[in-house]
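# Examining the three-dimensional arrangement
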Amino acid sequence: MSKKLVILGFIVVVTAVIGVGSYLVINNKNDNQLTDVKGTQTTINTANDSVTGLQFKYDSALKLQELSQQDVTDKFIFRLASTDPAILVSIRYEEGLSAVSALANQDIYDLLVANTLKALPQRYPDFKLQNQQKLQIAGREALDIVFTYTGPNGSEATQRFIVLVKDPNTAIYISAQTSTSDFKTLNTNYLDPLIFTLTLK
């Protein structure tokens, strides 16, 4: 297989979200409360994934969605959603990246950044990058981008997409989609607390 075909296949993986899933254990902790920016007390749940060693906290207003068999096949760890206002948060992981990195002779973080920024505009209509930054999450390098696009109903949506390098062979992808008008509030109340309580074993 040529180097070009392997890299192209990697782009397809990032875009199409394919793989095999793991098991998520949710622990409800009703005595663990935080106050959001509106001053409302919210109950915080803790999630642990036994395969990736991922742990994070999330607002109980986000409801855990049952994973389909296809989700499991595609290596989704979980999906969380709220309907009022509407938001969908997904986390999945991907393995086998060290071979791609070696073939491309490129650092895994740089390779993920390049291929993500190439793949997303091809997938989302009217893609417009709003923000891009490099973060440290759980002591690992992470790409954090925000972009707008035209959703299926024709309205503008905003997505925050994070690519976290767990180790030289594994990446974790965190995405959150909502309407552009609701994004700022939901990002502050739901996404930031989830992302910055995230740890990896």
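Notes on the structure in this doc start here. Being a predicted model, the structure only gives us computed values, none of them experimental. Starting afresh in each chain, residues are numbered from 1 along the sequence in its written order. Selection of residues for local features in this predicted model requires a pLDDT of at least 70, selection of side-chain atom pairs for listing and counting requires 80 or more, and totals for whole chains, interfaces and linings are taken over all residues. Hydrogens and waters are ignored; side-chain quantities use all the structure's heavy atoms.

## Quick notes on the sheet that holds strand 6 (residues 76-83)
In spatial order, the strands read 5-6-7-11-10-9-8; together these seven strands make up an open sheet with antiparallel pairing. Where the open sheet ends on each side, the last strands, each with one partner, are strand 5 (63-65) and strand 8 (128-137). Strand-to-strand twist across the sheet, computed as the mean angle between neighbouring axes with direction ignored, equals 20 degrees. Strand pairing is assigned whenever DSSP identifies at least 2 bridges connecting the two strands. Note on conventions: DSSP H or I runs of at least 4 residues are helices, E runs of at least 2 residues are strands, and numbering of each starts at the N terminus. For strand 6 and strand 7 (residues 86-95), the ladder comprises seven bridges, and the chain directions are antiparallel. Following the sheet pairing, Arg79 is matched in strand 7 by Ser90. Fitted lines through C-alpha atoms serve as axes, helices being fitted only where they are in contact, and the angles separating the N-to-C directions of these axes extend from 0 to 180 degrees.

## Concerning the environment of Ala47
Tracing the backbone through its elements, the reader meets Ala47 in strand 3 (residues 41-49). The cut-offs for exposure are 20% and 50% of the maximum accessible area for each residue type, with area from a 1.4 Å probe on protein chains only; residues under the lower value are buried, those over the upper are exposed, and the others partly exposed. For Ala47, a relative accessible area of 0% corresponds to the buried category. Through-space distance from the C-alpha of Ala47 to that of Phe78 is 9.5 Å; in sequence the pair is 31 residues apart.

## Some remarks on the pairing of strand 6
For strand 6, the buried fraction is high: seven of the eight residues fall into the buried class. Hairpin connection from strand 6 to strand 7: two residues lie between these consecutive antiparallel strands.

## Considerations on the packing of aromatic side chains
The pairing test for Phe, Tyr and Trp rings, Trp by its six-membered ring, is centres within 6.5 Å, and the orientation test on the planes gives stacked under 30 degrees, edge-to-face over 60, and tilted for anything in between. Under the definition given, this model contains seven aromatic pairs. Their ring planes at 25 degrees and their centres at 4.8 Å tell us that Phe56 and Phe78 sit as a pair that is stacked. With Phe56 in strand 4 (residues 54-59) and Phe78 in strand 6, this residue pair connects regions lying 22 residues apart in the sequence. The two residues Phe56 and Phe78 agree in class, both being buried. For the ring pair Phe127 and Phe147, a centre distance of 4.8 Å and an interplane angle of 35 degrees mean the geometry is tilted. Within this pair, whereas Phe127 is found in the loop between helix 4 (108-123) and strand 8, its partner Phe147 is found in strand 9 (residues 140-150), the two being separated by 20 residues in sequence. Members of the aromatic cluster, joined through ring pairs, are Tyr124, Phe127, Phe147 and Tyr149. In this structure, Arg79 packs its charged tip against the face of Phe76, placed 4.1 Å from the ring centre. The rule for a charge over a ring is simple: NZ of Lys or CZ of Arg within 6 Å of the ring centre, and within 35 degrees of the ring normal. Lys134 extends its terminal NZ or CZ atom over the ring of Tyr109, reaching a point 4.6 Å from the ring centre.

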